[in-house]
Amino acid sequence: MAPAMAIQSIVDEQETEYQKGVKQLYEKGIKKLPRKYILPSHERPNDFATKNGGIKQNIQLPVIDFAELQGPNRAQVLKSLANACENYGFFQVVNHNIGDGVISDMIDVGTRFFGLPFEERSKYMSANMKAPVRYGTSFNQNKDNVFCWRDFLKLMCQPLPDVLPHWPSSPQDFRKSAATYAKDTKHLFVMLMEAILESLSPAPETAAFPTADGEVVDEMEKELMEGGSQLMVVNCYPPCPEPDLTLGMPPHSDYGFLTLLLQDDVAGLQIQHNDKWVTVDPIPNAFVVNVGDHLEIFSNGRYKSVLHRVLTNQSRNRISVASLHSLPFEYTVRPWPKLISEQNPQRYRDTDFATFLQYISSCEPKRKNFLESRKIC
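Residues numbered from 1 in each chain as written. Predicted model: local features only at pLDDT ≥ 70, side-chain atom pairs only at ≥ 80, totals over all residues. Heavy atoms only, no water.

Looking at an unreviewed UniProt entry, one finds the chain named Fe2OG dioxygenase domain-containing protein, with Linum tenue as its source organism. What UniProt records for the chain under Sequence similarities (unreviewed entry) is the sentence "Belongs to the iron/ascorbate-dependent oxidoreductase family." UniProt, in its Function (unreviewed entry) section for the chain, records the words "Involved in the regulation of shoot development and salicylic acid (SA) homeostasis." (UniProt positions renumbered as here; feature names shortened; annotations may be inferred.)

Right, here's the structure in full:
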């Protein structure tokens, strides 16, 4: 074989290995991070700390007590919720009525899924972003020039009876545990969206919301409950041999209205706050909730979709479960007409899921580029 062909063969073989994911690499016992995962120096997680004397900062996000939100102190909690969405783009929810068993079961079946042989996990690999189940690696493995140290399992959750038969049947209790978790987080999302609508509006009632065909829906939360989209992403971040050179996920914002994130006890999530990267301290059994691009558009920029990223570590496996919620895929999302006035003109273009898919399939998605593309200059 000619030298050039031999080199190309080695490169192709390496690419095939990388497409199998980082769990494979970790299980092989690699000691050095492959070049495919090494970020340019200015994008590495230690870059900010180096410039600031090696100081790594943690942040305690605003905490929303869900039980208080349902009680006589609702008005005060709504003010705290509005402050969190405006100034942090993130908050943590406690006393949310999702049982500890539901939460621990979801973390457990997620952990055991990634412990299956690659041949079992690979059954769910797909390049189709609309597939009901998709197993993969990195952030967008078809577009990423540098890979992230992350494997994932994405599950479409609506309508649940239709998609559930496509979900992994191994571990044996995966479907049951994940379906219970999906239903409970969907309900929590709807309750939080009711509160967010109330916090945005001077009137407590749910406002009218234009649908794709121009009709008016008086109860937005009803549409979200019955037909809204929900995507559940189980993330696996194995121990990384050189965590200072890579990221579990790059800086990005989330598509959709709200993301409800469940973390295990291993820290890794960082958000950009006051132009600094700060690590979110996990609260046991709490949900980290963040504003998505759709909610920033819907609020006409009042509530902020904030950049966040994920760090890796050298010693512990990390599992997280993100539940991303929005309107049905066929909906057009636009600023809430109730918030538009002569003094506060529309700041974002109308958008839909097809526009988002077209955008991310045409470029390497990162940071808040899609949201920036929807702004009206």
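Following the structure, the description resumes.
Participant: Tell me what's going on with the environment of Val321, and back it up with residues and numbers.
Facilitator: Within the secondary structure layout, Val321 lies in strand 15 (residues 318-326). The spatial distance from the C-alpha of Val321 to the C-alpha of Met232 is 6.9 Å, given a sequence separation of 89 residues. Look past the residues within four positions of Val321 in its chain and what remains in contact with it is Met106, Ile107, Tyr181, Met232, Val233, Val234, Leu260, Leu261 and Leu262. (Helix = DSSP H or I, 4+ residues; strand = E, 2+ residues; numbered from the N terminus. Contact = heavy atoms within 4.5 Å.)

Participant: Quick rundown of the pairing of strand 4 (residues 133-137)? Include the residues and the values.
Facilitator: Within strand 4, five of the five residues are buried, leaving the element largely enclosed by the surrounding structure. Because side chains alternate across strand 4, one face comprises the buried residues Val133, Tyr135 and Thr137, and the other comprises Arg134 and Gly136, equally buried. Relative to strand 5 (residues 151-156), strand 4 runs antiparallel, the two being bridged by five bridges. Among the inter-strand pairings, Gly136 is bridged to a residue of strand 5, identified as Phe152. (Buried < 20%, exposed > 50% of the residue type's maximum accessible area, 1.4 Å probe, protein only. Pairing = 2+ DSSP bridges.)

Participant: Lay out the nonpolar core with the relevant residues and their values.
Facilitator: Residues Leu153, Trp167, Ile196, Met232, Leu258 and Phe287 are the most contacted members of the largest nonpolar core, which totals 69 residues. With residues near it in sequence (within four places) discarded, Ile196 still touches Leu81, Cys85, Leu258, Leu295 and Tyr303. Membership of the second largest hydrophobic core comes to 14 residues, among which are Phe90, Phe152, Val233 and Leu324. (Core = buried A, V, L, I, M, F, W, Y, C linked by side-chain atoms within 4.5 Å.)

Participant: Account for the pattern of salt bridges, with residues named and values stated.
Facilitator: Tallying each qualifying case throughout the model produces 10 salt bridges. The closest approach of N and O atoms between Glu86 and Arg302, which form a salt bridge, is 2.7 Å. Placement of the pair is Glu86 in helix 5 (residues 74-87) and Arg302 in the loop between helix 11 (293-298) and strand 14 (308-310), with a sequence separation of 216 residues. Judged by its relative accessible area of 33%, Arg302 falls in the partly exposed class. With a shortest N-O distance of 3.2 Å, Asp350 and Arg334 are connected by a salt bridge. Here the residue Asp350 occupies a position in the loop between strand 15 and helix 12 (353-362), and Arg334 occupies one in the loop between strand 15 and helix 12, the gap between them amounting to 16 residues. (Salt bridge = Lys/Arg side-chain N within 4 Å of Asp/Glu carboxyl O.)

Participant: Lay out the packing of aromatic side chains in plain terms, naming residues and giving numbers.
Facilitator: Counted according to the given criterion, the structure contains 11 aromatic pairs. Summarising the aromatic geometry, the rings of Phe113 and Phe174 are spaced 6.0 Å apart at their centres and angled 50 degrees between planes, so their arrangement reads as tilted. Pair noted here: Phe113 is in helix 6 (residues 100-114) and Phe174 is in helix 9 (residues 174-200), with a separation of 61 residues, a long-range link. Residue Phe113 is classed as buried on the basis of its relative accessible area of 1%. The rings of Phe113, Phe114, Tyr124, Tyr135 and Phe174 are connected pair by pair, giving a single aromatic cluster. Its guanidinium or amino end placed over the ring of Phe147, Lys36 lies 4.7 Å from that ring's centre, counting from NZ or CZ. Against the face of Phe152 rests Lys154, its NZ or CZ located 4.9 Å from the ring centre. (Phe/Tyr/Trp six-rings, centres within 6.5 Å; stacked < 30°, edge-to-face > 60°. Lys NZ or Arg CZ within 6 Å of the ring centre and 35° of its normal.)

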